[in-house]
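Residues per chain, in single letters:
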Amino acid sequence: GLTQKNFSTNSSSGSTSMAASVVEGLILQSKLFLLDEDNCASNFMLLCSRMRALLSQESIIPYIYRVNSIFHELGISTIIVIGGSGDWFDVHDTALMMDNYNCIDVTERAASISKTF
């Protein structure tokens with residue numbers, strides 16, 4: 001079986017690979033992370049409360065719980081293209097939406113939705 005002694009990137013899950021990419025960005029002093037929710041490991045991006053309860057030993061803290069501290073403590077911005085989870089409304093500064101090929105500011109609407117749910 002696999003052990004930590006034989007671990008390589010070929011053995012890593014999507015969430016482990018993504019976490020490693022963020023660490024590499026931190027080391028290289030990136031000023032921006034650009035993430036597309038559809039192409040990211042979902043358990044790296046966020047875990048609902050039910051999954052967090054089930055996976056109590058999960059070693060990777062989802063990005064949604066780190067995104068604000070990454071900005072406020074390290075000055076690194078994050079742009080996330082989302083389409084499937086409104087949980088990001090709880091941690092956003094600006095929300096833009098494509099509507100009939102037009103980009104519109106929906107920051108206030110997203111904040112209002114966040115407070116409702």
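As shown above, the structure is provided for reference.
Here, residues in each chain are numbered from 1, in the same order as that chain's written sequence. Reporting in this predicted model follows two pLDDT cut-offs: at least 70 for local features of residues, and 80 or more for side-chain atom pairs to be given and counted; totals over whole chains, interfaces and linings ignore these cut-offs and use all residues. Heavy atoms throughout the structure, all of them, feed into the side-chain values; hydrogens and water do not.

1. Overview of the overall build of the protein
Put simply, DSSP H or I for four residues or longer makes a helix, DSSP E for two residues or longer makes a strand, and each gets a number counted from the N terminus. For the protein, the count of helices and strands is five helices and four strands. Reading the protein from its N end, one meets helices and strands in the order α-β-α-α-α-β-β-β-α. Considering only C-alpha atoms, the protein reaches an extent of 50 × 35 × 30 Å along its principal axes. Note on exposure labels: buried denotes an accessible area under 20% of the residue type's maximum, exposed denotes more than 50%, and partly exposed covers the range between, all computed with a 1.4 Å probe on protein chains only. By the burial criterion, 26% of the 117 residues in the protein qualify as buried. Taking all contacts inside the protein whose residues are at least 6 apart in sequence as the whole, residues at least 24 apart take part in 48%. Entry remark: accessible area of the protein is about 8800 Å², with carbon and sulfur atoms responsible for 53%. Side-chain charges in the protein split into 7 positive and 12 negative, and the spacing between the mean points of these groups amounts to 9 Å. Contacts were defined at the residue level, with two residues in contact if any of their heavy atoms lie within 4.5 Å. For the area figures, the Shrake-Rupley method with a 1.4 Å probe applies, and any residue is considered shielded solely by the protein chains shown. A residue counts as positive if it is Lys or Arg and as negative if it is Asp or Glu; His and the chain ends are not included. Here the site of a charge means atom NZ of a Lys, CZ of an Arg, CG of an Asp or CD of a Glu.

2. Quick look at the environment of Lys 31
With respect to the element layout, Lys 31 can be found in the loop between helix 1 (14-27) and strand 1 (32-36). Lys 31 has contacts with Gly 75, Ile 76 and Ser 77, leaving out every residue within four places of it along the chain.

3. Observations regarding the nonpolar core
Here, the term nonpolar core denotes a set of buried Ala, Val, Leu, Ile, Met, Phe, Trp, Tyr and Cys residues that are joined through side-chain atoms within 4.5 Å. Met 18, Phe 33, Leu 35, Phe 44, Met 45, Tyr 63 and Trp 88 are the most contacted members of the largest nonpolar core, which has 18 residues in total. Mapped by element, the contributors of at least two residues to this core are helix 1, strand 1, helix 2 (42-45) and helix 4 (67-74). The element contributing the most residues to this core is helix 1, with three residues. Residues contacting Phe 44, with those up to four places away along its chain left out, are Ser 15, Met 18, Ala 19, Val 22, Ile 60, Pro 62 and Tyr 63.

4. Some points on a nonpolar patch on the surface
A cluster of nonpolar side chains, contributed by Val 23, Leu 26, Ile 27, Leu 28 and Leu 74, occupies part of the molecular surface with about 510 Å² of accessible area. Tallying contributions element by element places helix 1 first for the nonpolar patch, with three residues. Mapped onto the elements, Leu 26 comes out in helix 1. In this structure Leu 26 comes out as partly exposed when scored by relative accessible area, which is 33%. Patches were defined on residues exceeding 30% relative accessible area and lacking a salt bridge, with like-charge contacts within 9 Å and nonpolar side-chain contacts (Val, Leu, Ile, Met, Phe, Trp, Tyr) within 5 Å. One side-chain nitrogen of Lys or Arg within 4 Å of one carboxyl oxygen of Asp or Glu is enough to make a salt bridge.

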